[in-house]
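# Coordinate inspection notes
In case you want the letters, here they are:
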Amino acid sequence: MKKIIDTSHQARISLIIGTALEWLEFTLFAYFSTQISNLFFPKDSLFWAQMKTYFIFATSYLVRPFGAILFGYIGDRIGRKPALVYSISIMSIATCSIGLIPPYEKIGGLSTLLLIALRVTQGICVAGEFNGSNVVLVENYGKRTPFRAGLWTPLAASMGMTLGSLFASLFQSFPSSNYMWRIPFIFCGLGGFVGL
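A brief structural summary. Being a predicted model, the structure only gives us computed values, none of them experimental.

This part takes up the overall build of the protein. In terms of regular secondary structure, the protein is built from eleven helices and zero strands. If you list the helices and strands of the protein from N to C, you get α-α-α-α-α-α-α-α-α-α-α. Dimensions along the principal axes, computed over C-alpha positions, put the protein at roughly 65 × 35 × 25 Å. The proportion of buried residues among the 196 residues of the protein is 45%. Sequence separation of 24 or more characterises 79% of the internal contacts of the protein that already satisfy a separation of 6 or more. If you sum the accessible surface of the protein, you get close to 10,500 Å²; carbon and sulfur atoms cover 70% of it. Placing the 15 positive and 8 negative side-chain charges of the protein at their respective mean positions leaves the two points 7 Å apart.

Because the α-helix completes a turn every 3.6 residues, residues three or four places apart line up on one side. Between its terminal C-alpha atoms helix H3 (residues 46-62) stretches 24 Å, which fits the 24 Å expected from 17 residues at 1.5 Å a residue. Inspection of H3 places Ala49, Gln50, Thr53, Ile56, Phe57, Thr59 and Ser60 among the buried residues, and these make up the whole buried set.

Tracing the sequence through the fold places Met51 in helix H3. Among the residues examined, Met51 registers a relative accessible area of 32% and is labelled partly exposed. In the structure, Met51 is positioned 14 residues away from Ser37 in sequence and 8.4 Å away in space, judged by C-alpha atoms.

So, on to a nonpolar patch on the surface. A contiguous nonpolar surface patch, about 620 Å² in accessible area, is contributed by Ile78, Val85, Tyr86, Ile90, Ile93, Phe193 and Leu196. The biggest single contributor to the nonpolar patch is helix H5 (residues 80-98), with four residues. Here Tyr86 is to be found in helix H5.

Rules and cut-offs
Residues numbered from 1 in each chain as written. Predicted model: local features only at pLDDT ≥ 70, side-chain atom pairs only at ≥ 80, totals over all residues. Heavy atoms only, no water. Helix = DSSP H or I, 4+ residues; strand = E, 2+ residues; numbered from the N terminus. Buried < 20%, exposed > 50% of the residue type's maximum accessible area, 1.4 Å probe, protein only. Contact = heavy atoms within 4.5 Å. Areas by Shrake-Rupley, 256 points an atom, 1.4 Å probe, with all protein chains shown as cover. Lys, Arg positive; Asp, Glu negative; His and termini not counted. Charge placed at Lys NZ, Arg CZ, Asp CG, Glu CD. Expected span 1.5 Å × (residues − 1). Patch = residues over 30% accessible without salt bridge, like charges linked within 9 Å, V, L, I, M, F, W, Y side chains within 5 Å. Salt bridge = Lys/Arg side-chain N within 4 Å of Asp/Glu carboxyl O.

Below is the structure:
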């Protein structure tokens, strides 16, 4: 009996979805920085609120080497698949949680601390997912054509950034854009589990 689903294609598509969603979310945070700064910081200085939001955005890049070390260790000791599953799962939970954090007006500085913690978590996980996805693709599907197998990870990242730009343009056009930005974050978080 012939297989209905080719599992190798299914695995590749899952890796592409996971990578695209992670980079989509990173792009969304940059585009929605004004709304985020208005909601998660005191309103006494909009300039400094915006600068703090950019700093939080930057921290997710600064912690990536730690994520590469952590998930590289997990990938080498436990296996590539568990490293990918952990990174995508944790990233999806963190992304969805960002969309659900109450604003500064409701819980004060705790909202800012939660935002920082979730962005650091995302920065650690994206290093594990991006590198892990590339390794799995090349090792499993690149025996004869490693470069062709490896091109899917950066391609998926570019697709995610492009989709992030489109989502940001769409959701910023709504009158209540101070809360509409949450929808793509929740969507991306839940979409990560679809990739799994």
